[in-house]
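Structural description and commentary
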Amino acid sequence: MSGFFSSLFENIRALPRNLVRGLRPGVDTQNEVASKRLRRNFIYHVHPLRVTERALNPWVTLGLGVITATCFFVLVISGVLLMIYYIPTTKSAYASMEDIQYAVTLGPFMRALHRWAAHGMLITVLLHLVRVAAMGAYHKRELNWVIGLCLAGLVMGLAFTGYLLPWDQRSYWAVSVATAMLDNVPLIGPTVKILALGGQQIAQATLLRFYMLHVALLPAGLVILLAIHIWRVRKDGGLACSKDLPESQATIPAWPHLVLREAILIIAALVALFLVAMFLDAPLGIPVDLHTPSNPEKAPWYFLWAQEIVSYSAVVGAFVFPLVLSGWLLLLPFLDRQTTSVGRWFGGHSCKMAVAIASLAAVVGLVVFEWLYLKSGGGGQATASALWLTDLLNPATGMIGLALLVATLSGMSTGSTKAACLSGIAVMLIAIVGFTLMGLCRGPDWVFYWPWEEWPFVN
Ligand code: HEM
């Protein structure tokens, strides 16, 4: 009896110590040096004490993840400062933007910094995705790959919700055309549209919803996922690298080698963003005119490929193509389980060849499909009876078919799942770049003009 009480008393006395120990898993006496450093220095929460020499090679990551994170940091700081003056009501939004642009000290600089950092983040996050895919660095990092895809979605969501906030002619009609695409998504599309807009049309409720998403919900989601993402890079054993590469064996201390390099990269990215913001103003369009749509009405550049495809077939642009692309990306680490050549650009020699041939086929295919489509009178007034044919046969479905064909042929000829997956994705990405370029060349009434051609004047 007395033994029980003395144990209980001992346990209660030890409770604070055990509680703190419980909060610090990983602190163990066997690894005393590491755990002391970890407790003292934040950097060792992000990096291990030692990293492989490979982590220092700038050609492996191209610094894209770090630059993306730097852009996000700049966006948060400049965004909070802009929030001091911005008023999210349809009556005052544009006027508050004018105040920031013309009356507030450093207002134009903050706007420009926020705008260019947003474009920078979009570009670098997409390039980061491509580099991770091209290196097969999703191998044994399935969870982090999926988290990364969610991060890319959040970055696009942030850019899109921010697009509406100036409430000028360009932003209003761009968001209008992009949200109209949701009407073509089967089952959930119209409901999602009403939820996003807060009604059938863009109005006060939309502005408030976009503002709330832009300043609160999406950034909070991004911070949480980003923390998990960076933690997972460490938990997954650092950068993906196959055992046959010599740099995967040798390790060096993370401090100062890796940390200093990262600091230099962050400073360089900050200086570049500040210089761009100093010399390139963020344009503020004319006030919104609800009765006169812009002609052409264009979605933001990162959704322009979908709008271009919608001009061939609404259901393919808004649903089929995005579904195939996102499904392919999501399944990539599960379809390709090949462990060889992880961490090498485009895998081994045969995989490189397959991707190169696929890219060439994609460019040729795109030109041929566009030419056939225009020659067959596509883009004109299709009759209702011919609509199903246009849904079935258009440049976008052509490119999906080509991606599947190329992936199958690459897989069969090389025997490699990596070659199959990457060559198919290469075709899809080249299609996206091509459709974006086509979208950029569209003038009034969505007519194609070469960049050097002048657009006719339309009222
Ligand atoms: C907010 C966006 C993102 C940020 C700030 C970010 C940041 C980072 C950083 C700093 C790294 C360490 C190595 C490097 O710099 O490349 C990394 C690695 C990684 N990221 Fe991201 N990332 C983002 C989005 C994505 C996306 C869109 C994907 C792919 C769908 C992705 C997948 C991965 C994977 C799999 C790794 C491990 C790569 C390896 O082991 O070589 N990330 N990320």
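Computed from a predicted model, the values in this text were never measured in an experiment. (Residues numbered from 1 in each chain as written. Predicted model: local features only at pLDDT ≥ 70, side-chain atom pairs only at ≥ 80, totals over all residues.)

**Things to note about the overall build of the chain**
Along its length, the chain carries 18 helices and two strands. Here the chain holds 459 residues, and 35% of them are scored as buried. Counting only contacts in the chain whose residues sit at least 6 apart along the sequence, the fraction spanning at least 24 positions is 79%. (Helix = DSSP H or I, 4+ residues; strand = E, 2+ residues; numbered from the N terminus. Buried ≥ 20, exposed ≤ 12 C-beta atoms within 10 Å, placed from the backbone. Contact = placed C-beta atoms within 7 Å.)

**Observations regarding the nonpolar core**
Ranked by size, the top nonpolar core spans 106 residues in total, and within it Ala 117, Met 121, Ile 309, Met 399, Leu 422, Val 427 and Ala 431 carry the most contacts. The dominant element in this core, judged by the number of residues it contributes, is helix α18 (residues 417-440), at 13 residues. Mapping this core onto the domain boundaries places at least three of its residues in each of domain 1 (50-285) and domain 2 (312-452). Once residues within four sequence positions are removed from consideration, Met 121 is found in contact with Thr 68, Cys 71, Phe 72, Leu 75 and Val 155. (Core = buried A, V, L, I, M, F, W, Y, C linked by C-beta atoms within 7 Å. Domains from an automatic or database assignment.)

**Some details on unusual backbone geometry**
Trp 255 connects to Pro 256 through a cis peptide bond whose omega is 5 degrees. Within the secondary structure, Pro 256 sits in helix α12 (residues 254-279). The omega torsion across Asn 295 and Pro 296 is 5 degrees, close enough to zero to call that bond cis. Positionally, Pro 296 belongs in the loop between α12 and α13 (304-310). Here the phi dihedral of Leu 62 falls at roughly 60 degrees; this positive angle occurs in a residue that is not glycine. As for its position among the elements, Leu 62 is in the loop between α4 (58-61) and α5 (64-83). Residue Leu 62 is classed as partly exposed on the basis of its C-beta count, with 14 C-beta atoms lying within 10 Å.

**Some thoughts on the site of the ligand**
What surrounds the ligand is a group of 25 residues, the closest being Thr 61, Gly 65, Ala 137, Gly 148 and Ala 240. Put simply, the parts of the chain that give the shell around the ligand at least two residues each are α5, α7 (107-134), α8 (142-164) and α11 (204-235). Per-element tally for the shell around the ligand: the top contributor is α8, with seven residues. (Near = placed C-beta within 6 Å.)

**Things to note about the confidence of the model for the chain**
Averaged over every residue, the pLDDT of the chain is 90; residues scoring 70 or more account for 90%. Of the regions scoring below 50 in pLDDT, residues 25-30 engages in three contacts with residues more than four places distant in sequence or in other chains. (pLDDT = per-residue confidence, 0-100.)

**With respect to the environment of Ser 171**
Mapped onto the fold, Ser 171 is located in helix α9 (residues 169-180). With 127 residues separating them along the chain, Ser 171 and Lys 298 place their C-alpha atoms 9.4 Å apart. When residues no more than four places from it in sequence are discounted, the contact partners of Ser 171 are Tyr 163, Leu 164 and Pro 166.

**Quick word on helix α14 (residues 314-335)**
Because the α-helix completes a turn every 3.6 residues, residues three or four places apart line up on one side. Here α14 is 22 residues long and its end C-alpha atoms lie 29 Å apart, about the 32 Å a rise of 1.5 Å per residue gives. Most pronounced at Leu 329, the bend in α14 amounts to some 30 degrees, and the proline Pro 333 follows within four residues. Within α14 the residues assigned to the buried category are Val 316, Gly 317, Ala 318, Phe 319, Phe 321, Leu 329, Leu 332 and Pro 333. (Expected span 1.5 Å × (residues − 1). Bend = angle between axes of the 7 residues up to and from the residue.)

**Points about the environment of Tyr 172**
With respect to the helices, strands and loops of the structure, Tyr 172 is situated in helix α9. Given 26 C-beta atoms within 10 Å, Tyr 172 falls into the buried group. The spacing of Tyr 172 and Asp 289 is 117 residues in sequence and 8.8 Å in space, taken between C-alpha atoms. Those residues in contact with Tyr 172 that sit more than four places away from it in its chain are Trp 167, Ile 202 and Val 288.

**Structural notes on the packing of α8 against α11**
Where α8 meets α11, the axes come as close as 9 Å, and the angle between the chain directions of the two elements is 155 degrees. By the angle class used here, α8 and α11 are roughly antiparallel. For the pair α8 and α11, the sense of crossing is left-handed. Residue composition of the contact of α8 with α11, grouped by class: 17 nonpolar, eight polar and one charged. (Axes fitted to C-alpha atoms, helices over the stretch in contact; angles between N-to-C directions. Parallel < 35°, antiparallel > 145°, perpendicular 65-115°, else oblique. Left-handed = near helix turned anticlockwise from the far one by under 90°. Nonpolar A, V, L, I, M, F, W, Y, C, P; charged D, E, K, R; others polar.)

**Here we look at helix α17 (residues 395-414)**
In a regular helix each residue adds 1.5 Å, so 20 residues correspond to 28 Å; α17 covers 28 Å between its end C-alpha atoms and thus fits that length. Three or more residues of α17 are buried, namely Pro 395, Ala 396, Thr 397, Met 399, Ile 400, Leu 402, Ala 403, Val 406, Ala 407, Ser 410 and Gly 411. After α17 finishes, the residue Gly 415 shows a positive phi value of roughly 70 degrees.

**Here we look at the environment of Ile 266**
Relative to the helices and strands, Ile 266 is located in helix α12. Judged by local crowding, Ile 266 falls into the partly exposed class, with 16 C-beta atoms found within 10 Å. Distance from Ile 266 to Gly 63, taken between C-alpha atoms, is 9.2 Å for residues 203 residues apart in sequence. Residues contacting Ile 266, with those up to four places away along its chain left out, are Val 66 and Thr 70.

**Digging into the packing of helix α15 (residues 349-375) against α17**
Contact geometry of α15 with α17 gives a least axis separation of 10 Å together with a crossing angle of 155 degrees. What the angle tells us is that α15 and α17 run roughly antiparallel. Judged by the twist between their axes, the crossing of α15 over α17 is right-handed. Of the residues in α17, those in contact with Ser 350, Cys 351, Ala 354, Ala 358, Ala 361, Ala 362, Gly 365, Leu 366, Phe 369, Glu 370 and Tyr 373 of α15 are Pro 395, Gly 398, Met 399, Leu 402, Val 406, Ser 410 and Thr 414.

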